[in-house]
Amino acid sequence: MDNKRKTRIIIYVFALTALTAAASFFVGSFPLAFKNFAAWVFGNYQMSGSEKFILFDVRFPRIVMALITGAVLAGGGVSMQAVFKNPLVSPFVIGISSGAGLGAAIAIVYFNSSPVIIESLAFLFALAAVFTAYVLSGDGGDTTLLLLFGIVISSLAQSMIGLMQYFADADHELPALTFWMLGGLDSTTFASLVYAAPAGLLCLAALMSMTYKMNVLALGDTEAASLGIDVKRVKNIIILLSALMVAACTSKTGVIGWIGLTTPHISRIILGADNRFVFPLAALLGAFFLLLSDDIVRFCGAGEIPVGIITSAIGAPVFGFILLKYKKTGWS
Amino acid sequence: MINNKKRSRGGSTFVLSNILAVLSAAVFFTVLFSAAGALFYSGGAACAAENISFANLCEQGLYAPAPLSKPPEKIAVFYPQSLSLIYLFGVQNKVSVLPLSKVKISLHDGGFFSQLDPGILSKKDGGYPAKPDIEVITGAGPDIIISPTFKIKADAFFEKLKIPLFRVHGTFAKYENWLDAVLKFGELFGQKQKAAEYNQYFKKTIELTSVRPETGETAVKNTKKAAHIVINANKYIAGGKKSRFIKWFLTNMGCEVLDYPDSAADEVVLSVEDIVKFDPEYIFIDTVTHAGGIENASLKILKEDFWKKLRAYKENKIYFVPADDNTCFLTNRFFILCAPLGILWAAKMLHPEKFSEIDLEKENEMFYRKFLNADYKKMAGPNSGVK
């Protein structure tokens, strides 16, 4: 497949995501008709306060957050898989999700579920988990060690989350913690975007500019060094940017699984191994996937199933399908 | 080497710059739209009453809106425990949103909620207290929302909607907090008289079980060791903030109650060792709802060997708090609406000689008729555990 065709595919997926985003404004249990919206745009309809509230305060930030978080998780997945040269790596593997979960659990159980404290502690603990794994592995010098320390830190954090769950009040703290761990975009406000959007978008753009280096890293550390790449520095920057953007979004949305693992593989199946194309396509697919999952949540009616359940329910079988595809050829 | 590197990048420079341009445009428009949306709504539309002020009415956290010009017509409840207030004041026909998934335990035909509110299933599900469904709540257009006092992320939306909030601490660890909530709610719905009558009955029950008005006799302190144990998901729960009220009235009736000195936590999980060590003379077991009836629940629970070592078991003084999903005792620990009946019931178990004249059946019938506008016999039927 030549580069022009690859670009065309990316543009198609971008258009599909944009259309889905537009349609998402009219999905939900609150009745909001497109024709009324169109009439309002042309001044022929007076939207009620409730309609404006749902459109601009509930759905708008939620859709933007879905797009950014989906792109961030998928972009983080591509970056991490490139650094670790491991197809089973997702952005959460070095402790981000467990660290964030522990921060959220502490905030829910000991700080009266204050939303600001939940988000702040989730963000700080996510970064602290990555930083700890990074320092223990010798400043990320050995990515295998970093991966293993990430697993250790994750397990420790999980055990502490379990302890928090045990002590949590069964009426409101335990449900709050459970819902947080299952992820959700239902409480996204403009304030949520103020923090997560710049971090997510800037890191995504920075990582996008490093996709060529990710390709070189795939050749092996020695080869990359011989091509003039400062391997350790590049890896550190990629890990830092990925951790930063994933932690920023996860602290707002809770843990949303499978996007960071599945979409990079789908992108590779479509476009091959070139990260310059895989990265933007995965980011767009991630955004599309999370947006669609959130639409399903809102379409399914009242009560709102946590979106992490939907992404897992779709992501796991899709990943299983990918595994079956690779069964004969192997990952190489 | 350098040439190779340049060649490999140069071939797709045009393509990459296009992708970057598209992404940059996406970023630009996202920021632009976010800012525009925020600016647009800052002049925003209010859905309901303006100028709402809140007052923290007691230490436990009860927030009632300033008096409204007229009683609310549409209520959104997403905190199950606050349904007590709805049924007490008979405003169930004004409820358009409630936590259906959370109260499903009693939604079956003939269940407590279904009997008090036959149209309950046609109402919209507002989601869980920790995760309310904003779209459903907004869509119902309530003119008051009953929510918990603990903070939730959805608070930001409610602030924006400017719909008055009546926030209650659902567990009502102190009965004074519950009675405050009753008075404020009654005031809001123009039913001050009923609120006062209920308060009076509640307090009278407490007085009756702590001081005998006719003789001035008080219960003897610390002679009976009692434990109130909630068994939920195989955990034995006692003490903590939620049981403060139960601990208070058991103490008031002359009991030394199994609890932890540090009961600042919402609830304390007991080990079997804790229970055996305390060896209570009286045990009140609350399973929230005794699925399959009290007999079945008791057989299932008491099959554990350690119960047999306890004094209460040997003296046949283990009581299962009447809790079936047809009656007011449902989730008795929290369901403080019917606590006066629970107090009388416990009083008879602890001091049968002192409270022999209390006719529980009669008290229940009166309570249901007067405060719930319902027929106790019809609701409880053969399953009534109140004997």
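Structure first, text after, so check above.
What counts and what doesn't
Residues numbered from 1 in each chain as written. Chains lettered and ligands numbered in written order. Predicted model: local features only at pLDDT ≥ 70, side-chain atom pairs only at ≥ 80, totals over all residues. Heavy atoms only, no water. Helix = DSSP H or I, 4+ residues; strand = E, 2+ residues; numbered from the N terminus. Rg over C-alpha atoms; globule rule 2.2 N^0.38 Å. Buried < 20%, exposed > 50% of the residue type's maximum accessible area, 1.4 Å probe, protein only. Contact = heavy atoms within 4.5 Å. Core = buried A, V, L, I, M, F, W, Y, C linked by side-chain atoms within 4.5 Å. Domains from an automatic or database assignment. Disulfide = S-S within 2.5 Å. Polar contact = N/O pair within 3.5 Å; in protein donor to acceptor, adjacent residues only side chain to side chain. Axes fitted to C-alpha atoms, helices over the stretch in contact; angles between N-to-C directions. Parallel < 35°, antiparallel > 145°, perpendicular 65-115°, else oblique. Left-handed = near helix turned anticlockwise from the far one by under 90°.

Trainee: Just to check I follow, could you spell out the overall build of chain A for this structure?
Mentor: Helix and strand content of chain A: 14 helices and 0 strands. In sequence order, the secondary structure elements of chain A are arranged as α-α-α-α-α-α-α-α-α-α-α-α-α-α. Its C-alpha atoms give chain A a radius of gyration of 20 Å, within 12% of the compact-globule value 20 Å for 332 residues. Principal axes of the C-alpha set define a box for chain A whose edges measure 65 × 55 × 35 Å. Across the 332 residues in chain A, those meeting the buried criterion constitute 58%.

Trainee: Please explain the environment of Leu83 of chain B as it appears in this structure.
Mentor: All names here are of chain B. Note on placement: Leu83 falls in helix H3 (residues 83–88). By relative accessible area, Leu83 is classed as buried at 1%. Between the C-alpha atom of Leu83 and that of Val95, which follows or precedes it by 12 residues, the distance is 9.7 Å. Residues contacting Leu83, with those up to four places away along its chain left out, are Val77, Leu98, Val103 and Phe113.

Trainee: I tried to follow the nonpolar core on my own but got confused; where do I start?
Mentor: Looking at soluble globular proteins, one finds that nonpolar side chains tend to be buried together. Ranked by size, the top nonpolar core spans 184 residues in total, and within it Ile86, Phe158, Trp178, Tyr198, Phe202 and Phe284 of chain B carry the most contacts. Among the elements that line this core, the one with the most residues is helix H3 (residues 49–84) of chain A, at 20 residues. When residues of this core are sorted by domain, at least three fall in each of domain 1 (36–177) and domain 2 (219–380) of chain B. Excluding anything up to four places from it in sequence, Phe284 of chain B contacts Ala227, His228, Ile229, Leu250, Tyr319, Val321, Trp345, Ala346, Met349 and Leu350 of chain B.

Trainee: Would you explain unusual backbone geometry in this entry?
Mentor: A negative phi angle is the norm for most residues apart from glycine, just as the trans form is the norm for most peptide bonds. The backbone phi angle of Trp258 of chain A is positive, close to 75°, even though this residue is not glycine. Locating Trp258 of chain A in the fold gives a position in the loop between helix H11 (231–253) and helix H12 (259–271). At Asp279 of chain B, a residue that is not glycine, the phi angle is positive and equals roughly 45°. The exposure class of Asp279 of chain B is partly exposed, given its relative accessible area of 25%.

Trainee: Just checking my understanding: could you explain the state of the cysteines for this structure?
Mentor: Such a bond, covalent and formed between the sulfur atoms of two cysteines, is termed a disulfide. A full pass over the atoms with the stated rule returns 0 disulfides over all chains. Not part of a disulfide, Cys249 of chain A finds its nearest cysteine sulfur in Cys203 of chain A, a span of 9.0 Å.

Trainee: Please clarify how the side chain of Asp125 of chain B should be interpreted in this entry.
Mentor: Inspection of the secondary structure assignment puts Asp125 of chain B in strand S5 (residues 124–125). Of the polar contacts made by the side chain of Asp125 of chain B, one reaches the backbone nitrogen of Gly127 of chain B; its length is 3.0 Å.

Trainee: Could you clarify how one ought to interpret the packing of H3 of chain A against helix H8 (residues 190–208) of chain A in this entry?
Mentor: What describes two packed helices is the angle between their axes and the distance between those same axes. All names here are of chain A. Taken N-terminus to C-terminus, the directions of H3 and H8 make an angle of 30°; their axes are 10 Å apart at the nearest point. Taken together, the axis directions place H3 and H8 in an arrangement best described as roughly parallel. In terms of crossing hand, the pair formed by H3 and H8 is left-handed. Facing Phe56, Asp57, Phe60, Pro61, Val64, Met65, Ile68, Ala71, Val72, Gly75 and Ser79 of H3, the residues of H8 in contact are Phe190, Ser192, Leu193, Ala196, Ala197, Gly200, Leu201, Leu204 and Leu207.

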